[in-house]
Structure formats: C-alpha cells, structure tokens
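# Per-entry structural report
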Amino acid sequence: MIAIDHVTKRFGERLALDEVTFEIGGGRLTGFVGANGAGKTTTMRVILGLLRPDSGGVTLDGRAVTPGDRRRFGYMPEERGLYPKMKVAEQIEYLGRLRGLTKVAAAGATAELLARLELDARANDTVESLSLGNQQRAQIAAALVHDPEVLILDEPFSGLDPLAVDAVVGVLQERAARGVPVLFSSHQLELVERLCDDLVIISAGTIRAAGAAERLRTDNSTPAWELLTGEDSGWLRAEPGVLVREFGAGWALFEADEATAQRILRSAVGRGSVVSFTRSRPSLAQIFTEVVK
Ligand SMILES: Nc1ncnc2c1ncn2[C@@H]1O[C@H](COP(=O)(O)OP(=O)(O)OP(=O)(O)O)[C@@H](O)[C@H]1O
C-alpha cells in the first residue's frame, strides 16, 4: 500500500497541495479526479519522487519510499515521452532493459503487452507514424513493461477509443488483481465510475473525499428514491419530508430519509399499482459536484 501523508507543496506563492493525505491500496484501482489545476499531476510527481514536498511524505507498506522502490514503480506521465523516430517494440524493450530486465525478458514482456493492447501489428513502425491513440497505447506498454510493483498513470485513457479503453482496463485490472496498487487520473467520470474500487477527489490542492467508491456514494449524497406507478404521482409534492426532484406521468424522483421513503412506499401501494420503487444511485458526476462545491 502507498500512503500519501500530509503532503504540502508550494510553487512560489501558489499552494498546489495542502496537507494531501490518502492511500492507494494494493490490489485496488484508485481513480483520482479533480478539475484542471486541482493538483493531480503534482501529487503523482511527489509519489514518484520527481518533486520534493515542502512537508509530509510518501510511504510504501509503512516505510519511506526509497529510490530503489521507485525504480520498480510504473509511471505514465501527462507529457508523453516516447522517442518519435524509434520503432515501437524496440523502444519498449529498451525501456524494459533500462528498468533492469534481461534482453529476453524485455522482448517477451513487450510482445505480450503489445498483443494485449492490440498494437502488435504496429510493433515495427516508428512511434511518430502511429495515430495519437496508438501512441497512447505504446506509452501504456512503456509504463508496464517492467512489471511494476506500483502503477501511477496520469490520464491513461485520454484520447483512446472505446475498444482501446477496454483493452487498457483489462490490463490494469489484471495488474491490480496481482496486488499492485494502481492510481490513475481521469476527467472521464463515467469511466472512473465503472472502473474504480476507490476514489480520491481533489479540489484546489485539498482532498475533498477519499475511500471506497461505494462508501463515498452513500456518504456524500442525499438519499434519493425512484417511484414508478400506474397512477399520477403529483401527491408526493404535498408529503412532509419529501423533496421532489423530478416527476412525470406515473414516475417521480424524490429526496427523503429512509423512514419517510418507507412511508411513501406504503402510501403508494395504498393508492394503486406500484411498478417499482428503488433507491437512486447518484452518479460520480453528482457526487463530484456535491463534494467540491
Ligand atoms: N512547475 C510548476 N510551477 C508553478 N506552478 C505549478 C507547477 N506545476 C504545477 N503548478 C501549479 O500547481 C497547481 C496544480 O497543478 P497540477 O498540474 O498538479 O494540476 P492537475 O490536477 O494535474 O491539472 P490537469 O487536470 O489540468 O492536468 C496548478 O495551479 C498549477 O498551475
């Protein structure tokens, strides 16, 4: 497990990170979300040891991270950094060798990753001849080639088509299943929602929420309920303790606490046919808006 512990970082007068604290659990995919300039890349660079925090620190399994540990980290930076004129496979193998793999191991890992990321047909093409999406896949292969013990990925999904997203997701889930802590940033909230076990929400250098995605869902949203009936649902608006968010013919979405919701259900049953009654799950976009406002 990686723990980021009260990390503060200033750039001159600008406070980029303010006592940032959260964990990246082994075996879990952790999504890192926040608006532009919120502090995601800065946090990642501190984890990677590329920036020194002004205070606070980062630990791996309870002890300070060493340069040796960091060589076994995999990082996909925001600014992509492959050599445009080098062939894809050659370059990934080379990066694997720099990270300590033997020639045979680097070649094997490269071939496997390129196949998994559906880039094997382009293995002998130069990076600059690839589309941006395919360059992105190559960049992901480069971050993974040495079988890292920790994975930190800055916007790995930006610019990928849905098939490429699925291929990358498959590879990341497999690494997480082997116990690797995986942190990735993204502005694609539906994707983060689909993928993540844990979530970290940052705003203006401050962590606003962190923890299991399901728990954040229940902790940071007003309980809302969806009622579908064969009857008009206008009566709900006069019920105490109920805030109707939306309603239409035979359908309503309303906020209420658990006890009120049960009372409404009984009334609805008494009034006619209830087709369905469910607790509405807020989307990550809704949680994000509630948490950062
Ligand atoms: N080297 C630097 N010098 C000065 N200010 C910096 C530097 N790096 C980052 N900042 C500032 O720190 C803040 C956090 O930036 P950061 O790049 O971490 O945000 P981010 O969440 O990754 O944003 P984005 O989603 O746009 O990538 C911003 O206000 C940014 O302008």
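Residues numbered from 1 in each chain as written. Predicted model: local features only at pLDDT ≥ 70, side-chain atom pairs only at ≥ 80, totals over all residues.

With an unreviewed UniProt entry as reference, the chain is termed ABC transporter ATP-binding protein, source organism Naasia aerilata.

## A few points about the overall build of the chain
What the chain contains, in helices and strands, is ten helices and 14 strands. Considering only contacts within the chain whose residues lie at least 6 apart along the sequence, 68% involve residues at least 24 apart. (Helix = DSSP H or I, 4+ residues; strand = E, 2+ residues; numbered from the N terminus. Contact = placed C-beta atoms within 7 Å.)

## Overview of the packing of helix H3 (residues 88-98) against helix H4 (residues 103-116)
Packed helix pairs are characterised by how far apart their axes lie and by the angle those axes make with each other. Following both chains from N to C, one finds H3 and H4 inclined at 130°, their axes separated by 8 Å at the closest point. In terms of orientation, H3 and H4 fall into the oblique class. In the packing of H3 onto H4, the handedness of the crossing is right-handed. In contact with Ala 89, Ile 92, Glu 93, Gly 96 and Arg 97 of H3, H4 contributes Lys 103, Ala 106, Ala 107, Ala 109, Thr 110 and Leu 114. Each residue belonging to the contact of H3 with H4 can be placed in one class, and the counts come to six nonpolar, two polar and three charged. (Axes fitted to C-alpha atoms, helices over the stretch in contact; angles between N-to-C directions. Parallel < 35°, antiparallel > 145°, perpendicular 65-115°, else oblique. Left-handed = near helix turned anticlockwise from the far one by under 90°. Nonpolar A, V, L, I, M, F, W, Y, C, P; charged D, E, K, R; others polar.)

## Quick word on the pairing of strand S13 (residues 251-255)
Every second residue of S13 is oriented toward a common face, the buried set being Ala 252 and Phe 254 and the non-buried set Trp 251, Leu 253 and Glu 255. One ladder, built from five bridges, connects strand S11 (residues 224-229) with S13; its direction is antiparallel. By the bridge assignment for S13, Leu 227 is matched with Ala 252. In the sheet, strand S12 (residues 243-248) pairs with S13 via five bridges, with the strands oriented antiparallel. Bridging from a neighbouring strand, Phe 247 pairs with Ala 252 of S13. Linkage of S12 to S13, two consecutive antiparallel strands, is achieved through a turn of two residues, within which Gly 250 is found at a positive phi near 70°. (Buried ≥ 20, exposed ≤ 12 C-beta atoms within 10 Å, placed from the backbone. Pairing = 2+ DSSP bridges.)

## Regarding the site of the ligand
In the vicinity of the ligand, the contacting residues are Phe 11, Arg 14, Ala 16, Gly 34, Asn 36, Gly 37, Ala 38, Gly 39, Lys 40, Thr 41, Thr 42 and Glu 78. If you list the elements that add at least two residues to the shell around the ligand, you get strand S2 (14-24) and helix H1 (40-47). By residue class, the composition of the shell around the ligand is three nonpolar, six polar and three charged. (Near = placed C-beta within 6 Å.)

## Points about helix H5 (residues 132-144)
The first and last C-alpha atoms of H5 sit 19 Å apart over 13 residues, in line with the 18 Å expected at 1.5 Å per residue. If you check which residues of H5 are buried, you get Asn 134, Gln 135, Gln 136, Arg 137, Ala 138, Ile 140, Ala 141, Ala 142, Ala 143 and Leu 144. (Expected span 1.5 Å × (residues − 1).)

## What about the nonpolar core?
Within soluble globular proteins, side chains that are nonpolar generally end up buried alongside one another. Counting 65 residues, the largest nonpolar core has Ile 92, Leu 117, Ala 141, Ala 143, Val 145, Ile 152 and Val 182 as the members making the most contacts within it. It is H5 that contributes the most residues to this core, six residues altogether. With near-sequence residues (within four places) excluded, Ile 152 lies in contact with Met 44, Ile 47, Leu 48, Phe 73, Tyr 75 and Leu 183. Leu 227, Leu 236, Ala 252 and Phe 254 belong to the second-largest nonpolar core, a separate cluster that totals eight residues. (Core = buried A, V, L, I, M, F, W, Y, C linked by C-beta atoms within 7 Å.)

## Considering the domain arrangement of the chain
Structurally, the chain comprises domain 1 (2-218) and domain 2 (221-281). If you average the C-alpha positions of domain 1 and of domain 2, the two centres end up 43 Å apart. (Domains from an automatic or database assignment.)

## Some words on the UniProt feature "domain: ABC transporter" (unreviewed entry) in the chain
Following the UniProt record, the feature "domain: ABC transporter" (unreviewed entry) maps to residues 2-229 here. Between the C-alpha atoms that bound residues 2-229 the distance is 49 Å, and the span itself is 36% helix and 29% strand. (UniProt positions renumbered as here; feature names shortened; annotations may be inferred.)

## With respect to the pairing of strand S10 (residues 206-212)
In the case of a regular strand, side chains alternate between the two sheet surfaces. Here strand S9 (residues 198-203) runs beside S10; their pairing, made up of six bridges, is antiparallel. Looking at the pairing, Ser 203 lines up with Thr 206 of S10. Linkage of S9 to S10, two consecutive antiparallel strands, is achieved through a turn of two residues, within which Ala 204 is found at a positive phi near 45°.

## Remarks on the environment of Val 46
Inspection of the secondary structure assignment puts Val 46 in helix H1. Given 23 C-beta atoms within 10 Å, Val 46 falls into the buried group. Spatially, the C-alpha atoms of Val 46 and Val 7 are 8.4 Å apart, while their sequence positions differ by 39 residues. When residues no more than four places from it in sequence are discounted, the contact partners of Val 46 are Val 7, Lys 9, Leu 51, Pro 53 and Val 58.

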